[in-house]
Amino acid sequence: MTNSYEHLLPPSWKAQVAGWFAEDTPSFDYGGYVVGEVHREAFLFGKGKHTAVLAGRPFFTEVFAQLGCEVEWHLQEGESFEPVKHVATVRGKARHILLGERIALNMLARCSGIATKSKRIKDLAVGYGYKGIIAGTRKTTPGFRLVEKYGMIVGGIDPHRHDLSSMIMLKDNHIWSSGSITVAIQQARAVGGFSLLLDVEVGSEAEADEAIEAGADIIMLDNMEGEHLLSVARKLKEKWAGKRKFLFETSGNITEENLQERAVNDIDILSTSVVHQSVQHIDFSLKIQMPN
């Protein structure tokens, strides 16, 4: 059996596509009036200057399915390609192709950009000998999280928590508001139960030690770098060996340039928004073909 990334998507995802149409065409489609109902074929080209990863096929296909068009794909989801590449062919009424064009291209450009950057960061980390988890963050575009998290998965990294309900994460504001790390963890455990992991952000060795003792599953060593990061991780892993099970996560200011010093196996998880915030989009174009 071949697994499909599309099978990850929730039942509600197609309604999001309908929402994109409501935003892009809230009233009259004047350009569609001009081109009419003639049937046409359009080629989707992957462009740009660098190798890219294709991601977002289900969303692209659904855009045109809702318009009565069909899409024939020439690349698999997650496949890398060199530009310029004929990626897919869309067939349908000319006005319908043009109705879906900008929505579909915008989505595909961002989703593929995220997948491409995710793959690059993971490949670099593995090349440095890192055996831990590369993850994204929850700093996603409002209303577009599903597409962006999907792109991370296609790119081969961990999407991290999807929302506030899928994991308990206690950051500095939670801790300051509750009074202490220990109190915050106790309160969270009382309502979150056994099935949710608890990730606690700390800013020092002492705070990390307190979080471990209070029973956190993941300790996020926020904005720690270099020897300080390694020293804290190694010291506390040695102290709590055989007594507590936990993972160390590092986040904040991770880039391609400093990835090698952060991608060390004393740290279990590297979470970074560099794979989805301000990521370079992949250039695609959809060109209607003239009939022979």
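Anyway, here's the lowdown on the structure attached to this text. This is a predicted model, so every value here is computed, not measured.

**Observations regarding the overall build of the protein**
Assigned secondary structure in the protein consists of 10 helices and 12 strands. Along the first, second and third principal axes, the C-alpha atoms of the protein reach 75 × 40 × 35 Å. The burial tally for the protein puts 46% of its 292 residues in the buried class. Residue pairs at least 24 apart in sequence account for 71% of intrachain contacts in the protein once pairs closer than 6 positions are excluded. Looking at the protein as shown, the accessible area adds up to about 15,000 Å², and 52% of this sits on carbon and sulfur atoms. For the protein, the distance from the average position of its 32 positive side-chain charges to the average position of its 37 negative side-chain charges is 3 Å.

**A short note on a nonpolar patch on the surface**
Residues Tyr33, Val34, Val35, Leu98 and Ile288 make up a contiguous nonpolar surface patch of about 500 Å² in total accessible area. Among the elements that make up the nonpolar patch, the one with the highest residue count is helix 2 (residues 30-35) (three residues). Note that Ile288 resides in strand 12 (residues 284-288). Ile288 gets classed as partly exposed once you look at its relative accessible area, which sits at 31%.

**Observations regarding the sheet that holds strand 6 (residues 133-135)**
Pairing in this open sheet of six strands is parallel, and the strands run 6-11-10-9-8-7 from one edge to the other. Because the sheet does not close on itself, it has two edges, and the strands there are strand 6 and strand 7 (168-170). Taking the axes of each pair of neighbouring strands and ignoring which way they run, one obtains an average angle of 20° across the sheet. Helix 9 (residues 226-240) contacts strand 9 (218-222) and strand 10 (247-251) of the sheet and is inclined by roughly 170° relative to strand 10.

Conventions and cut-offs
Residues numbered from 1 in each chain as written. Predicted model: local features only at pLDDT ≥ 70, side-chain atom pairs only at ≥ 80, totals over all residues. Heavy atoms only, no water. Helix = DSSP H or I, 4+ residues; strand = E, 2+ residues; numbered from the N terminus. Buried < 20%, exposed > 50% of the residue type's maximum accessible area, 1.4 Å probe, protein only. Contact = heavy atoms within 4.5 Å. Areas by Shrake-Rupley, 256 points an atom, 1.4 Å probe, with all protein chains shown as cover. Lys, Arg positive; Asp, Glu negative; His and termini not counted. Charge placed at Lys NZ, Arg CZ, Asp CG, Glu CD. Patch = residues over 30% accessible without salt bridge, like charges linked within 9 Å, V, L, I, M, F, W, Y side chains within 5 Å. Salt bridge = Lys/Arg side-chain N within 4 Å of Asp/Glu carboxyl O. Pairing = 2+ DSSP bridges. Axes fitted to C-alpha atoms, helices over the stretch in contact; angles between N-to-C directions.

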